[in-house]
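# Examining the three-dimensional arrangement
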Amino acid sequence: MDDLAGTTSTDFSLSAREIEQFHRDGYIGPFDLYEPAEMEKNLRALRPKLLNTKRAIYGQEKAVSGVTNLANYDRHLDVDYLADHITRPEIVHRVASLLGPDVLCWRTEFFPKYPGDEGTDWHQADNFSNVAGSKHPQIVWPEDSEFGGTITVWSAFTDASVEMGCLQFIPGSHRTMNYDESKVMTYDADSIGKVEKGGVRRGFFGYDYRQLQKDPNWSPDESKAKSMVLKQGQFIVFWSTLMHASHPHAGLTDNMRLGYAARYLPTQVQVYPFSDALQEFGGEASLDKFGCVLVSGEDAYEHNRFVDRTVNGTPFRPAR
């Protein structure tokens, strides 16, 4: 396990069979990371830090039920526990099995779902220009690359059951993009929680993802969907180009569902090459304090900005 030098005696790399499964289905997991009692203890200590956004790099924004906002972004840059989380070898070794040895983390996001919250729309993300106010791609792969999108590691900081709004995937759907991210989605905060699609309350944090469909008459084949039930402390790995959504929170419990998504890329991919600010979900923030985190290997390209420590001065410890 980890020692103070950031090394590990355990290899968590994916097997050849697991890699083949990932490329076929677009996801792999779940995997255990924290024991539920350990995660619950960590979460109790974490909650006050999440509410205090004074040191967060995107300033102070009030969190609203059912809404993602910039205050939920990149808290690994100011919360030391999350800085350690994104570099955990249990995560990084598996990601490096898929992306190669030189890996960066460019974004993290919290995804809370409160009792009664709507489900999240079916969607895919390739270059993330879909919600960018500038409409510029947020990530750019080399032109000769066979890949696109980003690897997302979604960790269950609480239980994620169907009733509490767990993720849904359509296996194999990462091979075809059904959306045109250059199209414009209209942000409408008043629509949150009020739109039904196929008899299910679904939305996309104030947007309607159907506005990006290449074929307006197309709809996802939900008969192929699988629910990704995760226990507290587990994580799952998937391509952002995989068709994914989430169930509504049925409100059968007063407990929220909290997921934490960390997004990884090989170092040759350019991050925010056209932007000096984030403009998403009705908010805007400067990227002046932003930097990628090298979690494995080295950066031989030097076209991305990196930070080697949190705003608190705590060094990031790349996995070994």
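See above for the structure.
Residues numbered from 1 in each chain as written. Predicted model: local features only at pLDDT ≥ 70, side-chain atom pairs only at ≥ 80, totals over all residues. Heavy atoms only, no water.

### Here we look at the overall build of the protein
- The number of helices and strands found in the protein is 4 helices and 16 strands.
- Relative to the globule expectation of 20 Å for 320 residues, the C-alpha radius of gyration of the protein, 18 Å, shows essentially globular dimensions.
- Seen through its C-alpha atoms, the protein measures out along the principal axes to roughly 50 × 45 × 40 Å.
- In the protein, which comprises 320 residues, the proportion classed as buried is 55%.
- A separation of at least 24 residues holds for 81% of the contacts in the protein among residues at least 6 apart in sequence.
- Of the roughly 14200 Å² of accessible surface on the protein, 48% is carried by carbon and sulfur atoms.
- Between the mean site of the 33 positive side-chain charges and the mean site of the 45 negative ones, the protein shows a separation of 5 Å. (Helix = DSSP H or I, 4+ residues; strand = E, 2+ residues; numbered from the N terminus. Rg over C-alpha atoms; globule rule 2.2 N^0.38 Å. Buried < 20%, exposed > 50% of the residue type's maximum accessible area, 1.4 Å probe, protein only. Contact = heavy atoms within 4.5 Å. Areas by Shrake-Rupley, 256 points an atom, 1.4 Å probe, with all protein chains shown as cover. Lys, Arg positive; Asp, Glu negative; His and termini not counted. Charge placed at Lys NZ, Arg CZ, Asp CG, Glu CD.)

### Section: the state of the cysteines
- Under the definition given, this model contains 0 disulfides.
- Here Cys105 stays free of any disulfide, with the sulfur of Cys292 as its closest cysteine sulfur at 8.4 Å.
- Classification of Cys292 by relative accessible area gives buried; the value is 0%. (Disulfide = S-S within 2.5 Å.)

### Structural notes on helix 2 (residues 36-51)
- Its 16 residues place the ends of helix 2 22 Å apart at the C-alpha level, agreeing with the 22 Å of an ideal helix rising 1.5 Å per residue.
- Its axis deflected by about 30° at Ala45, helix 2 carries its strongest bend there, up to four residues before the proline Pro48.
- Every buried residue of helix 2 is listed here: Met39, Asn42, Leu43, Leu46 and Leu50.
- Contacts made by the buried residues of helix 2 are with helix 3 (80-86), strand 2 (103-113), strand 5 (151-156) and strand 12 (257-266). (Expected span 1.5 Å × (residues − 1). Bend = angle between axes of the 7 residues up to and from the residue.)

### Details of the nonpolar core
- One finds Ile151, Phe157 and Tyr264 to be the most contacted residues of the largest nonpolar core, which totals 59 residues.
- When residues in this core are grouped by element, the largest group, 6 residues, is from helix 4 (residues 89-99).
- Once residues lying within four places of it in the same chain are set aside, the contact partners of Tyr264 are Ile86, Ile91, Val95, Leu99, Val103, Leu104, Cys105, Trp106, Thr150, Ile151, Val153 and Val295.
- Core analysis: the next-biggest nonpolar cluster, separate from the first, contains 25 residues, Leu167, Met228, Leu242 and Ala261 among them. (Core = buried A, V, L, I, M, F, W, Y, C linked by side-chain atoms within 4.5 Å.)

### What about the sheet that holds strand 1 (residues 27-32)?
- With respect to topology, 6 strands assemble into an open sheet ordered 1-10-5-12-2-16, the strand pairing being antiparallel. Only two strands of the sheet have a single neighbouring strand rather than two, namely strand 1 and strand 16 (293-296). Each adjacent strand pair in this sheet contributes to an overall mean axis angle of 30°, direction not counted.
- Across 3 bridges, the pairing between strand 2 and strand 16 is antiparallel. (Pairing = 2+ DSSP bridges. Axes fitted to C-alpha atoms, helices over the stretch in contact; angles between N-to-C directions.)

### Here's the deal with the pairing of strand 2
- Most of strand 2 is tucked away: 11 of the 11 residues are buried.
- Direction of pairing for strand 2 relative to strand 12: antiparallel, over a ladder of 10 bridges. Paired with Phe111 across the two strands is Gly259, which belongs to strand 12.

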